[in-house]
Amino acid sequence: MPGGGWEEFAFEGIGTHWEISSPRPLGPLLRARLLGLVERFDADWSRFRADSRVSAMAREPGKYDFAAEAGALGQLYRVLYEATGGAMTPLIGPSLERLGYGAGYSLRPSGSALPAPAWDDVLEWAGSTLTTAAPVVLDIGAAGKGLLVDLVAAELEAGGVDAFIVDASGDLLVKGPDPVPVALEHPYNPTQAIGVVQLEGRALCASAANRRAWGDGLHHILDGKTGRPVRTAVATWALADTTMLADALATALFFVPGAGLQQAFDFSWLTVFSDGSAAHSAEFEGTLFT
């Protein structure tokens, strides 16, 4: 990350660590707005707190109104749900909880994997209104953190900050005149890198099976068709103009080859597979170490 007098604002939000770097300090009013935004987002979308709107959906079916960002999030999820044949779905929450990744963070399975319900059987997502026909455990982890990065960036720009780096524990957005070198973490050794990307004016998101792993081969990237962890890819990276898109596509790469996703989305990508091989887009901005 850049030095030379850049100021850093660090905080905890949505269960992860955030760092915002900028050439000048962020004033107390702007910091308060940023923290308020993160808290509001968590109160809407977290399945780990009992007072959230998502937790209310898990208790009782009905009509639920979310903030405006829900519209773009729902559209993206629906496209990727169709593109992956139902493998990538916001309805994977019940299996995550049964496998131990629930509100109590027990990391101990309480039952077998559970396929996600069919979208059209239980959920109507129209703009920022979600209507459910049964209690659903919504999990937007595949794109939600990236979406919040974009919302934070918009708040920074509204506050007159036009150069910054938002780092939400690896979901990165860089805005400013100079590229920032970002190491690509080795999927089996976090102290090593397999390459580097010069990130400039775009978002870079990674997804890895080792990041939130527990038990005997359990991790947080589940196939909605089976409810079980994906076994083929071990790490992915996606670069796109928005962090929400990069975040979502980094997960989609576990289910669909990048070349297929490029038919619908403008992004570049890298996938590392469990056999040690790798594939990437022709225009991937990174340099891989050999």
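Structure: above.
So, how was this worked out
Residues numbered from 1 in each chain as written. Predicted model: local features only at pLDDT ≥ 70, side-chain atom pairs only at ≥ 80, totals over all residues. Heavy atoms only, no water. Helix = DSSP H or I, 4+ residues; strand = E, 2+ residues; numbered from the N terminus. Rg over C-alpha atoms; globule rule 2.2 N^0.38 Å. Buried < 20%, exposed > 50% of the residue type's maximum accessible area, 1.4 Å probe, protein only. Contact = heavy atoms within 4.5 Å. Areas by Shrake-Rupley, 256 points an atom, 1.4 Å probe, with all protein chains shown as cover. Lys, Arg positive; Asp, Glu negative; His and termini not counted. Charge placed at Lys NZ, Arg CZ, Asp CG, Glu CD. Phe/Tyr/Trp six-rings, centres within 6.5 Å; stacked < 30°, edge-to-face > 60°. Pairing = 2+ DSSP bridges. Axes fitted to C-alpha atoms, helices over the stretch in contact; angles between N-to-C directions. Core = buried A, V, L, I, M, F, W, Y, C linked by side-chain atoms within 4.5 Å. Expected span 1.5 Å × (residues − 1). Salt bridge = Lys/Arg side-chain N within 4 Å of Asp/Glu carboxyl O. Polar contact = N/O pair within 3.5 Å; in protein donor to acceptor, adjacent residues only side chain to side chain.

## Some details on the overall build of the chain
Helix and strand counts for the chain come out as 8 helices and 16 strands. Relative to its length of 290 residues, the chain is compact, with a C-alpha radius of gyration of 19 Å against a globular reference of 19 Å. Oriented by its inertia axes, the alpha-carbon framework of the chain measures out at about 55 × 50 × 35 Å. Within the chain, the proportion of its 290 residues that are buried is 50%. Expressed as a percentage of contacts within the chain between residues at least 6 apart in sequence, the contacts between residues at least 24 apart total 61%. For the chain, the accessible surface area stands at approximately 12800 Å², while carbon and sulfur atoms represent 53% of it. Across the chain, the centroid of the 20 positively charged side chains sits 6 Å from that of the 34 negatively charged ones.

## Looking at the packing of aromatic side chains
Applying the stated criterion across every chain, the model contains 7 aromatic pairs. Note on W45 and F66: the rings are 4.2 Å apart at their centroids and 20° apart in plane angle, and the pair reads as stacked. Linking W45 in helix α1 (residues 28-45) with F66 in the loop between β3 (63-65) and α3 (70-83), this pair joins segments that are 21 residues apart in sequence. Pairing W45 with W125 gives two aromatic rings, centres 6.2 Å apart and planes at 20°, and the pair type is stacked.

## A few points about the sheet that holds strand β6 (residues 164-168)
Across the sheet, 8 strands lie side by side as β1-β2-β6-β7-β10-β13-β14-β15; this open sheet has antiparallel pairing. At either margin of the open sheet sits one strand with a lone partner, and together these are β1 (7-13) and β15 (278-280). Taking each pair of neighbouring strands and ignoring which way they run, the sheet shows an average axis angle of 10°. Bridge count between strand β13 (residues 233-240) and strand β14 (residues 268-273): 6 bridges; the pairing is antiparallel. If you follow A235 over to β14, its bridge partner there is V272.

## Side note on the nonpolar core
In this structure, W45, V152 and L156 are the most contacted members of the largest nonpolar core, which totals 67 residues. Element by element, the count of residues in this core is highest for helix α7 (residues 243-252), at 7 residues. In terms of nonpolar packing, the next biggest core, distinct from the first, is built from 18 residues, L184, I194, V234 and A235 among them.

## What about the environment of R78?
Topologically, R78 is positioned in helix α3. Excluding residues within four positions of it along the chain, R78 makes contact with W119 and D120.

## Description of helix α6 (residues 144-158)
With 15 residues, α6 extends 21 Å between its outermost C-alpha atoms, agreeing within 8% with the 21 Å of an ideal straight helix rising 1.5 Å per residue. Within the span of α6, buried status applies to G144, G146, L147, L148, V149, D150, V152, A153 and L156. Its buried side turned inward, α6 meets β2 (16-22), α1, α3, β6, β7 (171-175) and α7. Backbone geometry just downstream of α6 places G160 in the positive-phi region, at approximately 85°.

## Some details on the sheet that holds β3
Taken in spatial order, the 3 strands of this open sheet run β3-β5-β4, and their pairing is antiparallel. Looking at strand neighbours, the two that pair on one side only are β3 and β4 (123-126), the edges of this open sheet. Pairs of neighbouring strands in the sheet enclose a mean axial angle of 15°, with direction left out of account. The pairing of β4 with strand β5 (residues 129-132) spans 4 bridges and is classified as antiparallel.

## Considering the pattern of salt bridges
Throughout the structure, instances matching the rule amount to 13 salt bridges. Note that E155 is salt-bridged to R33, the shortest N-O span being 3.0 Å. You can see E155 sitting in helix α6 and its partner R33 sitting in helix α1, a full 122 residues away along the chain. The exposure class assigned to E155 is partly exposed, which follows from its relative accessible area of 22%. R33 sits in the partly exposed class, given a relative accessible area of 40%.

## Overview of the side chain of T89
The topology assignment puts T89 in the loop between α3 and α4 (93-98). Residue class for T89 comes out buried when judged on its relative accessible area of 6%. Polar side-chain contacts of T89 include one of 3.0 Å to the backbone nitrogen of L91. Here T89 is in contact with Y77, Y81, A116, D139 and G224, once residues within four sequence places are set aside.

So yeah, pure geometry; function would need other evidence.
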